[in-house]
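Single-letter residue listing:
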Amino acid sequence: EQEQEQEQEQRRWLVAVDLSAESCHALRLAALLADPKYDQLIACCVSASAGSSTEDAGEDAPEKVLDAQLSMLIERHGHGRRWRKLITVPVEKEDPRDILLRLCIAEKATMLVCGARGHTGLKRVVLGSTSDYLVRHAPCPVLVSRQKSVRLE
């Protein structure tokens, strides 16, 4: 029994947040599903978009902007749970998906949670599917959260 408790204490849910509505849904879902007693919730924001409007504010401005935005999302959608935040701004052409995979390994994540935008057709071919990529390459189970219900035929 004690061994089982120790194993449970080590569970870490890494939630990929890109400030989209889909990632907010993933944040809420993780907060609802994770065990408050044993599970650690880690909100991970990998985004290069925050730096565009804050270039004159200093070198660390993108991280500060993301930190503030992520704090607001956690307050709004985190169900009062305690979260640890990871903010990463990719350098040059670094793929955010690969950063998430490295963070899964570094944080010893036992679950990765991400949102799905539901792109189809040409848009999916051109942009690719982050959730598909993570499901295929992550070193841990991946929970893909969808906001919209899917109609099965």
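Source: prediction; values computed, not measured.

Calculation criteria
- Residues numbered from 1 in each chain as written.
- Predicted model: local features only at pLDDT ≥ 70, side-chain atom pairs only at ≥ 80, totals over all residues.
- Heavy atoms only, no water.
- Helix = DSSP H or I, 4+ residues; strand = E, 2+ residues; numbered from the N terminus.
- Buried < 20%, exposed > 50% of the residue type's maximum accessible area, 1.4 Å probe, protein only.
- Contact = heavy atoms within 4.5 Å.
- Areas by Shrake-Rupley, 256 points an atom, 1.4 Å probe, with all protein chains shown as cover.
- Core = buried A, V, L, I, M, F, W, Y, C linked by side-chain atoms within 4.5 Å.
- Polar contact = N/O pair within 3.5 Å; in protein donor to acceptor, adjacent residues only side chain to side chain.
- Pairing = 2+ DSSP bridges.
- Axes fitted to C-alpha atoms, helices over the stretch in contact; angles between N-to-C directions.
- Salt bridge = Lys/Arg side-chain N within 4 Å of Asp/Glu carboxyl O.

Caption draft 1: Molecular detail of the overall build of the protein. A count of helices and strands for the protein gives six helices and five strands. Reading the protein from its N end, one meets helices and strands in the order α-β-α-β-α-β-α-β-α-α-β. Taking all 153 residues of the protein together, 38% fall into the buried category. Taking as baseline every contact in the protein between residues at least 6 positions apart, the subset at least 24 positions apart corresponds to 76%. Carbon and sulfur atoms make up 48% of the accessible area of the protein, which totals about 9,900 Å².

Caption draft 2: Representation of the nonpolar core. Judged by nonpolar contacts, the single largest core of 19 residues is most densely connected at Val15, Leu27 and Trp83. Only strand E1 (12-17), helix H2 (21-33), strand E2 (40-46), helix H3 (61-77) and strand E4 (111-115) provide two or more residues apiece to this core. Contacts of Trp83, omitting those with residues within four sequence positions, involve Val15, Leu27, Ala30, Ala31, Leu41, Ile42, Ala43, Ile74 and Gly78. By size, the runner-up hydrophobic cluster in this structure holds 18 residues, among which are Leu14, Ile42, Leu103 and Cys104.

Caption draft 3: A look at helix H4 (residues 96-106). Turning to H4, its buried residues number three or more, namely Ile99, Leu100, Leu101, Leu103 and Cys104. The inward-facing, buried residues of H4 abut E1, E2, strand E3 (83-88), E4 and helix H6 (130-137). Of the residues that open H4, the one with a side-chain oxygen 2.9 Å from the backbone nitrogen of Arg97 is Asp95. In the segment just after H4, Lys108 is the residue with positive phi, at about 55 degrees.

Caption draft 4: Molecular detail of unusual backbone geometry. Even without being a glycine, Leu19 presents a positive backbone phi close to 70 degrees. If you trace the backbone, Leu19 turns up in the loop between E1 and H2. Of note, Lys108 is a non-glycine position whose phi angle comes to about 55 degrees, a positive value. Of the residues examined, Lys108 reaches a relative accessible area of 61% and is grouped as exposed.

Caption draft 5: Here's a closer look at the sheet that holds E3. One open sheet accounts for five strands, arranged E3-E2-E1-E4-E5; its pairing is parallel. Each edge of the open sheet carries a strand with a single partner, namely E3 and strand E5 (142-145). Between one strand and the next, the sheet's axes are offset by a mean angle of 20 degrees, whatever the strand orientation. Taken together, the three bridges between E1 and E4 define a ladder with parallel strand orientation. For Val15, the partnering residue across the bridge sits in E4 and is Val113. Packing against the sheet, H4 makes contact with E1, E2, E3 and E4, and its axis sits at approximately 155 degrees to E2.

Caption draft 6: Inspection of the side chain of Glu22 at higher detail. Along the polypeptide, Glu22 turns up in helix H2. Once residues within four sequence positions are removed from consideration, Glu22 is found in contact with Gly115, Ala116, Arg117, Ser145 and Gln147.

Caption draft 7: Examining the pattern of salt bridges more closely. Scanning the entire structure with this criterion turns up five salt bridges. The salt bridge involving Asp67 is made with Lys85; its shortest N-O contact spans 2.8 Å. With Asp67 in helix H3 and Lys85 in strand E3, the pair connects residues that are 18 residues apart, well separated along the chain. Residues Arg84 and Glu107 are paired through a salt bridge, measuring 2.3 Å at the closest nitrogen-oxygen approach. In this pair, Arg84 sits in strand E3 while Glu107 sits in the loop between H4 and E4, placing the two residues 23 residues apart along the sequence.

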